[in-house]
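# Reading the structure
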Amino acid sequence: MGDVIIAASLSLVVAVVCMVVAPCMATVYTVGDSTGWAMGVDYTTWGSDKSFNVGDTLVFNYGGGHTVDEVSASDYSTCTVGNSITTDSSGATSIALKTAGTHYFICAATGHCGNGMKLALNVKASSSSSSSSPPASTGTTTGGGTSSNSNTPPATAIYKPASQSAASVIIVSPFLLTTYCLSLFLIIFSF
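From a predicted model like this one, the values you see are computed outputs, not experimental measurements. (Residues numbered from 1 in each chain as written. Predicted model: local features only at pLDDT ≥ 70, side-chain atom pairs only at ≥ 80, totals over all residues. Heavy atoms only, no water.)

### Description of the state of the cysteines
Stated formally: Any pair of cysteine sulfurs within 2.5 Å is marked as a disulfide. Numbering goes from the N terminus for both helices and strands, where a helix is a DSSP run of H or I of at least four residues and a strand is a run of E of at least two. A 1.4 Å probe rolled over the protein chains alone gives each residue an accessible area, and that area as a share of the maximum for its type sets the label: buried under 20%, exposed over 50%, partly exposed in between.
As enumerated under the stated definition, the model contains 1 disulfide in all. The disulfide that involves Cys79 links it to Cys113, with 2.1 Å between the sulfurs. With the S-S dihedral at roughly -70 degrees, the linkage between Cys79 and Cys113 falls on the left-handed side. Taken together, the residues Cys79 in the loop between helix H3 (73-78) and strand S5 (86-88) and Cys113 in the loop between strand S7 (101-106) and strand S8 (118-124) connect sequence positions 34 residues apart. Cys107 forms no disulfide, and the closest cysteine sulfur to it belongs to Cys113, at a distance of 8.4 Å. With relative accessibility at 1%, the residue Cys107 sits in the buried group.

Below, the structure is given as structure tokens:
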């Protein structure tokens, strides 16, 4: 009888944890999927079927001769370079989306933005974010990124993993986590 009570209690704890954690999971998006951040990709189409939320991360993978610059709406529409909020040219740029609103990214290499190497996306407030969330960073970035305008805090932070290997990034989708939790719940409850 005691084992049944312990198993039921443990099952309840696992179920509650899964219901709380699964919806809070952020998504990691690789910009351009397997093609990456490159010329000849329609980033409007790429982002059109995705829902970006505060807490999600964008991963830009690209070769030499490219940059990832977060820019203002006007610099995005005119492909103006030199006024970037943040910039990185390391070849593997990860950007945590920390604020809701539209975010604009371009490649500052000559002619690249004008030929479509630009991305605008609308970031929605996460259901798990609250009004007491920490303020956006104040113009500093890590991982080779620089801030060119210290008076304008970036809406995102650029960070780099310790290893640039794609294998070092673990992506857990909320669906898989929920499936795992339900399976665990059923296994424990069956005892």
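### A look at the packing of aromatic side chains
To keep things clear, this is the line we draw: In this scheme Phe, Tyr and Trp rings, the latter by its six-membered ring, pair at centre separations within 6.5 Å, and the angle between planes marks the pair as stacked below 30 degrees, edge-to-face above 60, and tilted otherwise. Over a ring means this: the NZ of a Lys or the CZ of an Arg is within 6 Å of the ring centre and within 35 degrees of the ring normal.
Here the structure, examined in full by the defined rule, presents 6 aromatic pairs. Between the aromatic rings of Trp46 and Phe52, the centroid separation amounts to 6.0 Å while the plane-to-plane angle is 40 degrees, which identifies the pairing as tilted. As far as burial versus exposure is concerned, Trp46 and Phe52 are alike and both buried. Here a set of aromatic residues connected by ring pairs shows up, and it is made of Trp37, Tyr43, Phe60 and Phe105. A cation over a ring is seen here: Lys118 above Tyr76, with NZ or CZ 4.4 Å from the ring centre.

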